[in-house]
Amino acid sequence: MSNIFNKMIGRTRYVVFRLFLHLGGGEVAPILGVLNSAGRDAIDADGDLEVLGEGLVEISQTLLQYDEYWLSAANEGDVFFNEGEAGDYVNELFTDSAERYLSEPNYSSDSGLNEPLSIPVTRNVIVMITVAYEGEVPDLETDLSNVQALKEGLKALINLHYKHRLKAIQVHFSPAQLGDELTSDQLLQYYPELIPL
């Protein structure tokens, strides 16, 4: 009812949403390739929302394919009727995600050239997706700490891109560099909001 009222008085509803998803097991390392590829494309596109959206779709589809490796998740967000306030919250979540342990990738061209070829296998991956969108999406505005709700939420993210309702997209992940490891103790320390699925 309030959404109808807000439309009548010309107020746009903005939602800022962040999802944490923890995947675990010896087979999760390929996800890092998809995440890094999308990250490089986003940097090359200089923030073009269409390119970022395509990356979000690819990441969401990959996560859906790897659902048997989902171990825990959490989500948070807020609703705004002022675009500036929504933008401030996006920046706040961006800063928080970027400061998380091992979430800073290195896309410089010479990284790893003199590194040894044996690298530890990543057994834990955290994906942090932050978006801002217009309107109402019930599948995202609920608790996503169960597998079915999480699947519907990832599908809703894909649909937001195709409906051109996304206003901001940010993806962080940990470990962000090949060879870095995220231990169970570090998960508890740096990602305390995660809820087992």
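The numbering scheme is per chain: residues are counted from 1 as the chain's sequence reads. Note on the predicted model: pLDDT of at least 70 is required for a residue's local features to be given, and 80 or more for side-chain atom pairs to be given and counted; whole-chain, interface and lining totals, by contrast, use all residues. To get the side-chain values, take all heavy atoms of the structure and skip hydrogens and water.

By the naming in an unreviewed UniProt entry, the chain is DUF1517 domain-containing protein, taken from Nostoc cf. edaphicum LEGE 07299.

In a packed pair of helices, the relevant descriptors are the angle between the two axes and the axis-to-axis distance. Angles run from 0 to 180 degrees between N-to-C directions of axes, and those axes are lines fitted to C-alpha atoms, restricted for helices to the stretch in contact. Strands are runs of DSSP state E lasting at least two residues, helices are runs of H or I lasting at least four, and both sets are numbered from the N terminus onward. Running from N to C, helix H2 (residues 29-44) and helix H3 (residues 49-65) cross one another at 175°; their axes reach a closest spacing of 9 Å. Comparing the axis directions of H2 and H3 gives the class roughly antiparallel. Contacts from Ile 31, Val 34, Leu 35, Ala 38, Asp 41 and Ala 42 in H2 reach Val 51, Leu 52, Gly 55, Glu 58, Ile 59 and Thr 62 in H3. Each residue receives one of three labels: charged for Asp, Glu, Lys and Arg, nonpolar for Ala, Val, Leu, Ile, Met, Phe, Trp, Tyr, Cys and Pro, and polar for the others, Gly being one of them. Split into classes, the residues belonging to the contact of H2 with H3 amount to eight nonpolar, two polar and two charged. Roughly parallel refers to an angle under 35 degrees, roughly antiparallel to one over 145, roughly perpendicular to one between 65 and 115, and oblique to any angle outside these ranges. The contact rule is simple, with two residues in contact once any of their heavy atoms fall within 4.5 Å.

Turning to H2, a few remarks are in order. Taking 1.5 Å of rise per residue, the 16 residues of H2 would be expected to cover 22 Å, and the 23 Å separating its terminal C-alpha atoms lies within 8% of that figure. When we look at burial in H2, the residues that qualify are Ile 31, Leu 32, Val 34, Leu 35, Asn 36, Ala 38 and Gly 39. Directly after H2, the chain includes Asp 46, whose backbone phi takes a positive value near 55°. A helix is expected to span 1.5 Å multiplied by its residue count minus one. For every residue, the accessible area obtained with a 1.4 Å probe (protein chains only) is divided by the maximum for its type, and the residue is called buried under 20%, exposed over 50%, and partly exposed between those limits.

Only buried residues count toward a nonpolar core, which is a set of Ala, Val, Leu, Ile, Met, Phe, Trp, Tyr and Cys residues joined through side-chain atoms within 4.5 Å. With 40 residues, the main nonpolar core has Leu 23, Val 131, Tyr 133 and Leu 157 as its most contacted residues. Among the secondary structure elements, those contributing two or more residues to this core are strand E1 (14-24), H2, H3, strand E2 (70-80), strand E3 (124-134), helix H5 (147-162) and strand E4 (166-174). Counting residues per element, this core draws most heavily on H5, which supplies seven residues. Not counting chain neighbours up to four residues away, the residues in contact with Val 131 comprise Val 15, Val 16, Phe 17, Leu 56, Leu 157, Leu 166, Ala 168 and Ile 169. Val 16, Ala 86, Val 90 and Leu 93 belong to the second largest nonpolar core, which has nine residues in total.

Looking at where Ser 72 falls in the secondary structure, it is placed in strand E2. Filtering out sequence-adjacent residues up to four positions away, Ser 72 remains in contact with Phe 20, Leu 21, His 22, Leu 194, Ile 195, Pro 196 and Leu 197.

Let us now look at the packing of aromatic side chains. Note on ring pairs: Phe, Tyr and Trp rings are taken, using the six-membered ring of Trp, and paired if centres are within 6.5 Å. Classes follow the plane angle, with under 30 degrees stacked, over 60 edge-to-face and the rest tilted. The full count for this structure, using the stated rule, is two aromatic pairs. A centroid spacing of 5.8 Å and a plane angle of 45° characterise the contact between Tyr 66 and Tyr 69, whose relative ring orientation is tilted. Here the aromatic rings of Phe 80 and Tyr 89 are separated by 5.6 Å at their centres, their planes lie at 50°, and the arrangement is tilted. Given a relative accessible area of 15%, Tyr 89 falls into the buried group.

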